[in-house]
Amino acid sequence: MKKVTLNTLSKLKADGEKFSCLTAYDAIFSHLQNCAGVEVILVGDSLGMVLQGHDSTLPVSVDDMVYHTKAVSQGNSSALIMADLPFMSYATPEQAMHNAGRLMQAGAHVIKIEGGAWLADTIRLLAERGVPVCAHLGLTPQTVNVMGGFKVQGKTPEAAQVLLDDAALLEANGASLILLECVPRSLAKNLAEKAHVPVIGIGAGADTDGQVLVMHDMLGMNTGYVPRFVKNFLAESDDIQSAFSNYVKAVKDGTFPADEHGFD
Ligand code: KIV
């Protein structure tokens with residue numbers, strides 16, 4: 001597959017073609033996802049939960065993210081690699097620049113940060129210095145303690161408007177991508193239509209430009225709790241490689257996510 005860049009994703013959005021994103025944390029899964037045609041690999045701080053066994057992403061360090069971003073980069077030849085700046089590593093714009101630099105040097109092509117309007121200056125500084133940013137809005141797991149749990153966001157008209165305003169502001173300040181987690185599908189559709197940059201959804205319905213899932217979730221690996229927006233692709237595939245390919249196909253033909261995976 002040709003190397004995926006931000007331009008590739010913008011063109012897919014303009015052409016109304018969906019794209020796929022999965023998390024990966026090491027070289028072999030990165031390679032298998034390349035073979036399946038996954039456009040974006042997210043080195044997510046979800047590794048704190050699925051690899052390290054914590055009950056949130058808060059304990060993940062920048063060193064952890066650098067280690068896993070390097071490993072994913074080693075196995076990757078075609079996907080756009082996006083890496084998370086973990087909790088408290090971008091509390092100030094200076095911290096963000098220092099830590100984003102480390103992730104870019106480890107092999108990330110885009111860095112992802114969680115939060116709304118307060119990130120406008122940080123995103124502008126990073127973008128000006130050559131660091132493309134994905135703004136993660138909606139359910140932002142690093143602020144689980146403020147939100148009182150992993151809950152659907154943007155349910156009231158007021159909360160929905162805040163998300164729309166935040167997305168527009170962060171895009172105006174240079175965000176290259178938006179990731180929208182656990183919001184009603186009508187809000188996600190509205191936001192994706194208004195945004196000029198590609199919008200990736202998880203638990204946000206079928207109308208965003210791209211879809212992302214945590215790899216362990218879509219391979220049916222969990223410790224009991226399975227979020228509503230997850231589908232186990234391995235259950236109906238012969239092996240892991242086919243599960244990745246079937247996910248890409250389902251995202252592209254619009255059969256994933258189905259209505260049952262979204263929120264009203
Ligand atoms: O860290 C992660 O895996 C994420 C996804 C849930 C989008 O941010």
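Here the structure is a predicted model, which is why all the values come from computation and not from measurement.

J.: Describe the pairing of strand β6 (residues 177-181), with residues and values.
T.: A regular strand places its side chains on the two faces of the sheet in alternate fashion. Counting buried positions over the five residues of β6 gives five, a clear majority of the element. Burial along β6 is two-sided: L177, L179 and E181 facing one way and I178 and L180 facing the other are all buried. Where strand β5 (residues 133-138) meets β6, five bridges bridge the pair, whose relative direction is parallel. Note that in β6 the partner of L137 across the bridge is L180. The sheet contact formed by β6 and strand β7 (residues 199-202) spans four bridges and is parallel. Paired with I178 across the strands is V199, a residue of β7.

J.: Which residues make up the layout of surface pockets, and what values go with them?
T.: Quantified by volume, the largest pocket comes out at close to 800 Å³. At the level of secondary structure, the elements contributing two or more residues to the lining of the largest pocket comprise α3 (47-50), β4 (110-114), β6, β8 (210-213) and α10 (215-218). Looking at the lining of the largest pocket, its residues break down into 18 nonpolar, ten polar and nine charged. Size it by volume and the second largest pocket reaches roughly 340 Å³. Along the walls of the second largest pocket sit 21 residues, with E114, G115, W118, T140 and T143 positioned nearest its centre. When residues of the lining of the second largest pocket are traced back to their parent elements, those giving at least two are β5 and α8 (157-172). Counting residues per element, the lining of the second largest pocket draws most heavily on α8, which supplies four residues. Within the lining of the second largest pocket, the residues separate by chemical class into nine nonpolar, ten polar and two charged.

J.: I'd like a rundown of the pairing of strand β1 (residues 19-23), residues and numbers included.
T.: With five of five residues buried, β1 is to be regarded as a mostly interior element. Residues F19, C21 and T23 of β1 are buried on one face, and the alternating residues S20 and L22, pointing to the opposite face, are buried as well. Sheet topology places β1 next to strand β2 (residues 40-43); three bridges connect them, and they run parallel. Bridge assignment links C21 to a residue of β2, and that residue is V40. Following the backbone out of β1, through helix α2 (residues 27-36) and into the adjacent parallel β2, one traces a crossover that is right-handed.

J.: I'd love a proper account of the site of the ligand, names of residues and values included.
T.: Lining the immediate environment of the ligand, one finds T23, L42, G44, D45, S46, D84, K112, H136, L179, E181 and V214. In this structure, S46 approaches the ligand through a side-chain N or O atom, which is 2.5 Å from an oxygen atom. In the model, an oxygen atom of the ligand is placed 2.8 Å from a nitrogen or oxygen of the K112 side chain. Against a free-state accessible area of 260 Å², the protein chains account for coverage of 95% of the ligand. A molecule is said to occupy a pocket when more than half its atoms come within 2 Å of that pocket's grid points, and by this definition the ligand occupies the largest pocket.

J.: Mind laying out the nonpolar core, listing which residues take part and the relevant values?
T.: If you look at soluble globular proteins, the nonpolar side chains tend to sit buried side by side. Core analysis: the biggest nonpolar cluster contains 87 residues, and M82, I111, L213 and F244 have the highest contact counts within it. Element by element, the count of residues in this core is highest for helix α11 (residues 240-252), at six residues.

J.: Lay out the pattern of salt bridges with the relevant residues and their values.
T.: Per the stated rule, a full pass over the model turns up twelve salt bridges. Of the charged contacts in the structure, one is a salt bridge between K13 and D209, with a shortest N-O distance of 2.9 Å. Here K13, found in helix α1 (residues 6-14), pairs with D209, found in the loop between β7 and β8; they are 196 residues apart in sequence, far enough to count as distant. One exposure class covers both K13 and D209, and it is buried. For the salt bridge of R124 with D121, the shortest nitrogen-to-oxygen distance reads 3.3 Å. Here the residue R124 and the residue D121 both occupy positions in helix α6 (residues 120-128), the gap between them amounting to three residues, near one helical turn.

The rules we used
Residues numbered from 1 in each chain as written. Predicted model: local features only at pLDDT ≥ 70, side-chain atom pairs only at ≥ 80, totals over all residues. Heavy atoms only, no water. Buried < 20%, exposed > 50% of the residue type's maximum accessible area, 1.4 Å probe, protein only. Helix = DSSP H or I, 4+ residues; strand = E, 2+ residues; numbered from the N terminus. Pairing = 2+ DSSP bridges. 1 Å grid on protein atoms, 1.4 Å probe; cavity = no way out; pocket = protein on both sides within 12 Å on 5 of 7 lines; lining within 4 Å. Points joined across faces, edges and corners; volume = space filled by probe spheres on them. Nonpolar A, V, L, I, M, F, W, Y, C, P; charged D, E, K, R; others polar. Right-handed = clockwise from strand over helix to strand, strands pointing away. Near = heavy atom within 4 Å. Polar contact = N/O pair within 3.5 Å; in protein donor to acceptor, adjacent residues only side chain to side chain. Areas by Shrake-Rupley, 256 points an atom, 1.4 Å probe, with all protein chains shown as cover. Sits in = over half its atoms within 2 Å of the grid points. Core = buried A, V, L, I, M, F, W, Y, C linked by side-chain atoms within 4.5 Å. Salt bridge = Lys/Arg side-chain N within 4 Å of Asp/Glu carboxyl O.

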